[in-house]
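So the chains spell out like this:
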Amino acid sequence: MNMHVDERRPAPMSGHERSRHESSSQEAGQPVTRNPHAGHELSIRIRDLSLWYGESQALNKLNIDIFQKNVTALIGPSGCGKSTFLRCLNRMNDLIPGVRLEGLVEMDGRDVNAAKMDEVALRKRVGMVFQKPNPFPKSIFENVAYAPRMHDLVSRKAEQDELVEHALREAGLWNEVKDKLHQPGTSLSGGQQQRLCIARAIAVQPDVILMDEPTSALDPISTATIEDLMDKLKKQFTIITVTHNMQQAARVADYTAFFHLGEIIEYNDTRTMFSNPHTKKAEDYITGRYG
Ligand SMILES: Nc1ncnc2c1ncn2[C@@H]1O[C@H](COP(=O)(O)OP(=O)(O)OP(=O)(O)O)[C@@H](O)[C@H]1O
Ligand SMILES: [Mg+2]
């Protein structure tokens with residue numbers, strides 16, 4: 001972990017807000033949000049975010065600050081709202097009929113849900129990698145080159161070749177595929193397909209990469225490869241990842257948020273979360289007594 005305390009920078013949550021959250025946290029079900037590492041720059045600010053699928057409330061007044069160029073892990077039992085929360089960050093919930101949202105999702109100081117926000121531009125800035133690798137039914141090359149071409153990031157063939165090689169290298173896949181770039185993406189192994197999806201995500205140079213259980217369909221070696229990759233990619237990108245694997249969260253994440261029944265119960269730096277959780281619910285979950 002690469003964290004330091006710099007009290008001179010403004011904490012994203014004021015001392016007043018923080019002490020209110022901490023003191024009332026357990027009774028009111030509000031999150032314990034500590035920010036002892038305020039030297040990190042803010043990427044995403046969530047305030048009182050609630051979401052309903054029809055009549056059913058899935059997220060309840062979430063408050064969280066996500067820091068740039070860190071890995072933030074979202075943990076919590078099945079159905080607690082982790083994937084729903086991720087989808088709020090790139091407005092993918094807009095695609096689901098009957099969804100209603102309240103509260104603020106702010107990225108780099110801009111309201112993601114503002115009417116003037118361009119959704120295509122937003123999804124370029126916020127890439128996503130899913131649980132099951134889902135390459136397009138196209139060649140390895142096209143899987144990576146397609147989106148940059150759509151966004152007019154490249155035009156000439158030479159530029160495309162360069163960008164595809166760069167993204168595949170960044171994703172740690174280049175050496176395995178450089179001689180078969182025109183074979184279908186789906187011809188690769190599961191672990192390779194997931195790295196292809198990561199290459200596809202980073203090819204448009206997003207700010208944020210969302211990963212929803214990116215390794216749960218992979219063998220331990222591919223999982224370790226992706227974990228190493230996350231550690232490398234966070235130098236350039238803000239990564240938010242969902243995992244049911246506590247060891248993985250402890251290994252890869254700088255910050256960890258524990259979700260439970262649509263609320264963030266605790267948000268902390270990962271070391272504190274796993275060595276000295278501040279809420280009983282998080283402790284029970286982490287130690288396997290719950291969920
Ligand atoms: N498209 C949808 N329509 C209606 N309800 C939904 C939809 N997607 C999720 N939900 C509900 O919202 C709640 C949160 O679901 P979500 O998928 O966000 O949980 P999760 O924490 O990602 O769970 P898991 O760990 O199993 O992936 C659940 O009660 C779920 O049934
Ligand atoms: Mg999920």
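Rules used throughout
Residues numbered from 1 in each chain as written. Chains lettered and ligands numbered in written order. Predicted model: local features only at pLDDT ≥ 70, side-chain atom pairs only at ≥ 80, totals over all residues. Pairing = 2+ DSSP bridges. Helix = DSSP H or I, 4+ residues; strand = E, 2+ residues; numbered from the N terminus. Expected span 1.5 Å × (residues − 1). Buried ≥ 20, exposed ≤ 12 C-beta atoms within 10 Å, placed from the backbone. Arc of directions from axis to C-beta. Contact = placed C-beta atoms within 7 Å. Near = placed C-beta within 6 Å. Nonpolar A, V, L, I, M, F, W, Y, C, P; charged D, E, K, R; others polar.

Student: Could you clarify how one ought to interpret the pairing of strand β2 (residues 42–53) in this entry?
Tutor: Each regular strand shows side chains that alternate between the opposite faces of the sheet. Where β2 and strand β3 (residues 56–67) come together, eight bridges link them in antiparallel fashion. Across the sheet, the residue bridging to Y53 is S56, located in β3. Count of turn residues in the β2/β3 antiparallel hairpin: two residues, of which G54 carries a positive phi of about 60 degrees. Bridge analysis of β2 against strand β5 (residues 99–107) gives eight bridges, and the strand direction is antiparallel.

Student: Just checking my understanding: could you explain helix α8 (residues 220–233) for this structure?
Tutor: In an α-helix, one turn spans 3.6 residues; hence positions three or four apart end up facing the same way. Here α8 contains 14 residues, and its C-alpha end-to-end distance of 20 Å stays within 8% of the 20 Å for a straight helix at 1.5 Å per residue. Here α8 has its buried residues at I226, L229, M230 and L233. Projected down its long axis, α8 carries its buried residues within an arc of 105 degrees, all on one side. Relative to its buried face, α8 has exposed residues pointing more than 90 degrees away, namely P220, I221 and K232. Buried residues along α8 sit in contact with β4 (71–75), α7 (190–202), β8 (208–212), β9 (238–242) and α9 (246–252).

Student: I'm lost on the sheet that holds β3 in this one. Help?
Tutor: The pairing of strands in a sheet happens through backbone hydrogen bonds and is either parallel or antiparallel. An order of β3-β2-β5-β6 is seen for the four strands of this open sheet, with the pairing classed as antiparallel. Edge strands, defined here as strands with exactly one partner in the open sheet, are β3 and β6 (110–111).

Student: For this particular structure, what's the right way to read the site of ligand 1?
Tutor: Every residue near ligand 1 is listed here: Y53, A58, S78, G79, C80, G81, K82, S83, T84 and I96. No other element matches the three residues that helix α2 (residues 82–89) contributes to the shell around ligand 1. Here the residues of the shell around ligand 1 sort into four nonpolar, five polar and one charged.

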